[in-house]
Amino acid sequence: MNDTITYYQDSIKWVVKQTYCESIIALLNTGLPIDDVSNIVTKAALSTRVVKSNMVRSVKTIKTRTGITIYFKHSKSKGWRDSLKYTLFGSKAKHEWENARAIFKRGAPIGEPVAYGEKRTIGFVTDSFLMVREAAQCEPLLNLLQQNTLKQTLSFKETREIFKNLALFTASLHSNRILHNDLHIGNILLESRAAANSRPGRQNTRKFCLVDLHDVTLTRNISNAEMLENIAFLLYGLSYFCAKTELLKIAVTYVDATPSLADDDNAIRKINAMVIAKKREHTLSRSKRCLKRSSNFTILKWKHKIKGRAVRKCKAYTKRDYDKNALKQILELHNAANKNKHEHLLKNISKIKVTAFPFNNGANNLKLCVKEFRNRNFFRQSRETFFSARGKRAWRAANGFQARDILTPNPIALIEARSYRMLKQSFFITEYIENTTQACRYVKREGHLSPLNNGETSSNEIDLKKTTQPKISAPFHRKKQFIDSFAKSFRGLRKAGIFHADLKGGNILVKETANNTWDFLYIDLDDVTFKKTLSKNDIIRNLTQLNASLPNTFSFADRIRFYKYYFITRELSKNDKSMIKKIIKKSIKRNHFWKPVPVA
C-alpha cells in the first residue's frame, strides 16, 4: 500500500509521507524560501538554523509549530552534466529518500524520511530537496570528538566505550546487509548522555544514528573486501582523534564481531594497509583541489591593463575569502612597491620580484607576501606556458604542504597574466609570517637559540658572509632541544614523501614559540615533488643542501646529533657512516657556508 502523496509547488514536485502530510504541506504553502532562511519563520515554522552551506549543498533545521524538527537538505547540480545524470538516473535526494525508507523499515537507527522534491528547468532536474525528521537528542560524532580534543569533555573510559560500540555498530550494519559507502564520523550521530541514561536497562550505552544516505548499498550481500574497505574508511577519519593503538583495538573489535572475517588471519593487516592508502589518496585529493572550484577555492578571471596599453587576461586560483577587487588591489600594491625602492620591496631581479605589505581584507588585517615570476623572453614564456609554470607549482605545493600538515606560509592566491595565450607573469600570494628568521641566519648570528638583539625582521636578502653580529653561546640543553625540533621537522618531509629540490637553510624559516619550542616553515616551493617514498639519493641530496648552507657555528657534533635525530638512531652503523661521508664530500663541493676540514 502506498503511504505517500504527491504535491506540486510551483516547479517542484514533492513526494510526502502521509503521516506528516498536514505539517509539511502547511509549511510548503507558506512559500518556503529555498535559498534564504532569514524569512522562513512563518506561521508554520518556529525557528530555523543553518547547519551547512556551500556552493552545491545546504542543510538547515526547521522547527515547526506542530513540534517536529526537520532537517531540510538542498542539493544543486554543478552543471548540465549533473542535471542530465539526475534526470536520467535520479537525483541525490531521490536516492537518499529510497534508501532511508528501506533502512527505516529494517529498524536501523536513522532519522525518519518525511518528504523529497525535485525542481525541473526545461525538463532537466536542477535542484533536489529532502526532509528528514531529526533523530531525537543526538549530536554529530565529529563535533563531539573535536570538542574532546580541545576541552577533554570525555573521560578515557567513556571514549573507549564509544569507540568499542562504534565498531560493534558498524559490524551490525554489515550483518544487516547495509553498506554505507561514505561512512565517516561526519555522517554518524551519537545519542546524548541524558537520553542514554533515561532509557531503562543498561546505562551509559549511547546509540548511533546514520545520516547522508544517498550512497548506500542494500540489495545484495556484502563481500569481505567491501567490509574491510568500509571499516578502513571509518578508521581513517578516526585517525585524527585517536592513537594507532586505539585504532588497532577498534579494528580487532570489529573483526571479532564479524563472523565472515573470523577465519581471515590477515584482516587487521589489510585494514591497516587500507587506512594508509586512504590517507594518501585523500591527501592527493586535497592537494589538487586548489586548482578547481570547490567549497574552499574558486577561479576568477578578468582583464588587466599594463601601463595603460597592453591588455593581459588574468586568471586567479584563490580561496573564497578573496574576490576580484581584493586581488586587483593586491596587484596594485605590489606594483607600487617597485617604485623608488619602496620599503615593501624585498627582492627585485630579472626573474623574480618579492614584496611584502599590510592588507586589510574586511575584518582581518594581514601582511601579505607577493612573489612575482617574470617571463621576459620568448623561450621562458614558451616553457612556462606549455609546461608546468613555476607559480602554479608553488601554489600546488603550498596547498600540498598544508594537506600533509607541514608548516608553510598560508597560501592565499595564484594569479596568472597572459597575452596572446602566452604566460607573461605569475603572482604567488601568501601570508607574511612575522618574527621569523632564515635557518642559516638564525644559526650564524644567534648561536641557534636567541632572538635578534637589534629587533630586525627576517629577509631573504641578508648576506651571511658580511654578517658581523657577535655570536651567542647557548646552553647545551636548549641547543639540544633546537636540534631535536629541527630534525623532527625535517624528518616530517621525508615521512610525507616531499622532495624539495632547493632545501637549503635560506628556504627554511625559524620562528621561536613558547617553552623552548620552534616552528620551521618551508618556502620557495616552486621546485617541490610529492612522492610515495623518498629514495636514498633524494635524502642525501636534501641533507647535503642543508648541511652546506649552515655555517660553522653549527658544529660537526651538532650535525651528527641532527643526523641521529633525523633517522632516530643512537649508534651510527657502517651504512650511516658511509652516508655521512658522502654528505660531507658533496657539501664541500657546493662551497657554501660550511668550511670543514676536507675528508679523504
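Please refer to the structure placed before this passage.
Residue numbers restart at each chain and count upward from 1, following the sequence in its written direction. The predicted nature of this model means local features are confined to residues of pLDDT at least 70 and side-chain atom pairs, given and counted, to a pLDDT of 80 or more, with totals for whole chains, interfaces and linings taken over all residues. Excluded from the side-chain calculation are hydrogens and water; included are all heavy atoms of the structure.

K.L.:
Can you walk me through the sheet that holds strand E10 (residues 188–191) in this structure?
P.N.:
Hydrogen bonds between backbone groups are what pair the strands of a sheet, and the pairing can be parallel or antiparallel. Between any two strands, at least two bridges found by DSSP are needed for them to pair. Strands are runs of DSSP state E lasting at least 2 residues, helices are runs of H or I lasting at least 4, and numbering of each runs from the N terminus. With respect to topology, three strands assemble into an open sheet ordered E8-E10-E11, the strand pairing being antiparallel. With partners counted over all chains shown, the strands left at the sheet margins are strand E8 (138–140) and strand E11 (208–210), one partner each. For this sheet, the mean angle separating the axes of adjacent strands, direction not counted, is 35°. Where E8 lies against E10, three bridges are found, and the strand directions are antiparallel. Lines fitted to C-alpha atoms define the axes here, with helix axes fitted over just the stretch in contact, and angles between the N-to-C directions of these axes take values from 0 to 180 degrees.

K.L.:
What am I meant to see in the nonpolar core here?
P.N.:
Side chains of nonpolar character tend, in soluble globular proteins, to be buried together. Among the nonpolar cores identified, the biggest contains 54 residues, and Phe 482, Phe 486, Phe 490, Ile 508, Tyr 522 and Phe 562 are the most heavily contacted of them. Residue contributions to this core peak at six residues, all from helix H14 (residues 476–495). We call two residues in contact when some of their heavy atoms are within 4.5 Å. Phe 486 has contacts with Ala 439, Ile 508, Phe 520, Leu 546, Leu 550 and Phe 562, leaving out every residue within four places of it along the chain. The nonpolar core is taken to be a set of buried Ala, Val, Leu, Ile, Met, Phe, Trp, Tyr and Cys residues, with the residues joined through side-chain atoms within 4.5 Å. Working definition: with a 1.4 Å probe on protein chains only, accessible area under 20% of the residue-type maximum means buried, over 50% means exposed, and in between means partly exposed. Of all hydrophobic cores here, the second largest spans 45 residues; its members include Leu 144, Leu 173, Ile 250 and Val 255.

K.L.:
Is there a simple way to think about the packing of aromatic side chains in this case?
P.N.:
Geometry of an aromatic ring pair is reported as the spacing of the ring centres plus the angle between the planes. Only Phe, Tyr and Trp rings are paired, with Trp represented by its six-membered ring, and only when their centres lie within 6.5 Å; those with planes under 30 degrees apart are stacked, over 60 edge-to-face, the remainder tilted. By the definition in use, this model includes 19 aromatic pairs. Seen from their ring centres, Phe 482 and Phe 520 are 5.9 Å apart, and the 55° between their planes marks the pair as tilted. Here the residue Phe 482 occupies a position in helix H14, and Phe 520 occupies one in strand E23 (residues 517–522), the gap between them amounting to 38 residues. Considered together, Phe 482 and Phe 520 belong to a single accessibility category, that of buried residues. What links up through ring pairs into an aromatic cluster is the set Tyr 442, Phe 482, Phe 486, Phe 490, Trp 518, Phe 520, Phe 562, Tyr 563, Tyr 566 and Phe 567. The lysine or arginine in question, Arg 494, covers the ring of Tyr 566, its NZ or CZ lying 4.7 Å from the ring centre. If you follow Lys 531 out to its NZ or CZ, it ends over the ring of Phe 499, 5.0 Å from the centre. Placement of a charge over a ring requires the Lys NZ or Arg CZ to be within 6 Å of the ring centre, with the centre-to-atom vector within 35 degrees of the ring normal.

K.L.:
I'm lost on the sheet that holds E23 in this one. Help?
P.N.:
As summarised here, the arrangement of the three strands in space is E20-E22-E23, forming an open sheet in which the pairing is antiparallel. Each end of this open sheet is capped by a strand with a single partner; those strands are strand E20 (437–438) and E23. Sheet topology note: the E20/strand E22 (residues 508–513) ladder contains two bridges and is antiparallel. Looking at E22, one finds that Gln 438 is bridged to Leu 509.

K.L.:
When you look at empty space enclosed by the protein in this model, what are you seeing that I'm missing?
P.N.:
Unfilled space is identified by rolling a water-sized probe across the atoms. Only protein atoms enter the calculation, which uses a 1 Å grid: trapped sets of points that fit a 1.4 Å probe without letting it out are cavities, open sets showing protein on both sides within 12 Å along at least five of seven lines are pockets, and any residue with an atom within 4 Å of a point is a lining residue. Grid points are joined across faces, edges and corners, and a volume is the space filled by probe spheres set on the points. If you walk through the whole model with that rule in mind, you get two cavities of 30 Å³ or more. By volume, the largest cavity is sized at about 210 Å³. If you list the elements that add at least two residues to the lining of the largest cavity, you get helix H15 (536–549), helix H16 (556–567) and helix H17 (574–590). For the lining of the largest cavity, the leading source of residues is H16, giving five residues.

K.L.:
Honestly, the pattern of salt bridges in this entry has me stumped. Any pointers?
P.N.:
Each salt bridge in this description consists of a side-chain nitrogen of Lys or Arg and a carboxyl oxygen of Asp or Glu lying within 4 Å of one another. Throughout the structure, instances matching the rule amount to 20 salt bridges. A salt bridge links Glu 372 to Arg 374, with the nearest nitrogen and oxygen atoms 3.6 Å apart. Judged by relative accessible area, Glu 372 falls into the buried class, the value being 3%. On the basis of relative accessible area, Arg 374 is assigned to the buried category, the value being 8%. One salt bridge connects Asp 558 with Arg 561, and the closest N-O pair in it is separated by 3.2 Å. Placement of both Asp 558 and Arg 561 in helix H16 is noted, with a separation of three residues, approximately one turn of the helix. Several salt bridges share partner residues, and in doing so they unite Arg 57, Lys 73, Glu 96 and Asp 212 into one network.

K.L.:
Even after reading the chapter, I still don't get a nonpolar patch on the surface, so can you show me in this structure?
P.N.:
A patch is a set of surface residues, each over 30% in relative accessible area and not in a salt bridge, joined within 9 Å for like charges and within 5 Å for the nonpolar side chains Val, Leu, Ile, Met, Phe, Trp and Tyr. Using a 1.4 Å probe, the Shrake-Rupley method yields the accessible areas, and only the shown protein chains count as cover for residues. On the surface, Trp 80, Leu 84, Leu 88, Phe 89, Ile 122 and Phe 124 cluster together into a nonpolar patch covering about 740 Å² of accessible area. The element best represented in the nonpolar patch is helix H2 (residues 80–89), accounting for four residues. Judged by relative accessible area, Ile 122 falls into the exposed class, the value being 78%.

K.L.:
So what exactly am I meant to see when it comes to the packing of helix H5 (residues 156–175) against helix H7 (residues 224–238) here?
P.N.:
Geometry of a packed helix pair, given as the angle between the helix axes and the separation of the axes. Running from N to C, H5 and H7 cross one another at 150°; their axes reach a closest spacing of 11 Å. The orientation of H5 relative to H7 falls into the category roughly antiparallel. Every pair of crossing elements has a handedness; the one defined by H5 and H7 is right-handed. Of H7, the residues touching H5 (which contributes Phe 163, Leu 166, Thr 170 and His 174) are Met 227, Asn 230, Ile 231, Leu 234 and Leu 238. All residues other than Ala, Val, Leu, Ile, Met, Phe, Trp, Tyr, Cys, Pro, Asp, Glu, Lys and Arg, Gly among them, are scored as polar; the first ten of these are nonpolar and the last four charged. Residues of the contact of H5 with H7, tallied by class, amount to six nonpolar, three polar and no charged. By the definition adopted for this analysis, an angle is roughly parallel if under 35 degrees, roughly antiparallel if over 145, roughly perpendicular if from 65 to 115, and oblique otherwise. Here a crossing is called left-handed whenever its near helix is offset anticlockwise from the far helix by less than a right angle, and right-handed whenever the offset is clockwise.

K.L.:
Mind showing me how you'd approach the environment of Ala 397 here?
P.N.:
Along the chain, Ala 397 turns up in helix H12 (residues 390–403). Spatially, the C-alpha atoms of Ala 397 and Asp 526 are 7.2 Å apart, while their sequence positions differ by 129 residues. Excluding residues within four positions of it along the chain, Ala 397 makes contact with Leu 525, Val 528 and Phe 530.

K.L.:
What am I meant to see in the layout of surface pockets here?
P.N.:
Estimates place the volume of the second largest pocket at around 1,300 Å³. For the second largest pocket, the lining is made up of 33 residues, of which Lys 244, Ile 276, Lys 279, Lys 495 and Ala 496 are closest to its centre. Its residues assigned to classes, the lining of the second largest pocket comprises 16 nonpolar, seven polar and ten charged.

K.L.:
Would you mind showing me how to read helix H4 (residues 141–151) here?
P.N.:
Counting along an α-helix, one turn takes 3.6 residues, and residues three or four places apart therefore face a common direction. Within the span of H4, buried status applies to Leu 141, Leu 144, Leu 145 and Asn 148. Looking straight down H4, one finds its buried side chains confined to an arc of 95°; they lie on one side. Along H4, the residues that are exposed and aim more than 90 degrees away from the buried face are Leu 150 and Lys 151. On the buried face of H4, the contacting elements are E8, H5, E10, E11 and H7. After H4 finishes, the residue Gln 152 shows a positive phi value of roughly 55°. What the arc covers is the set of directions going from the helix axis to the C-beta atoms.

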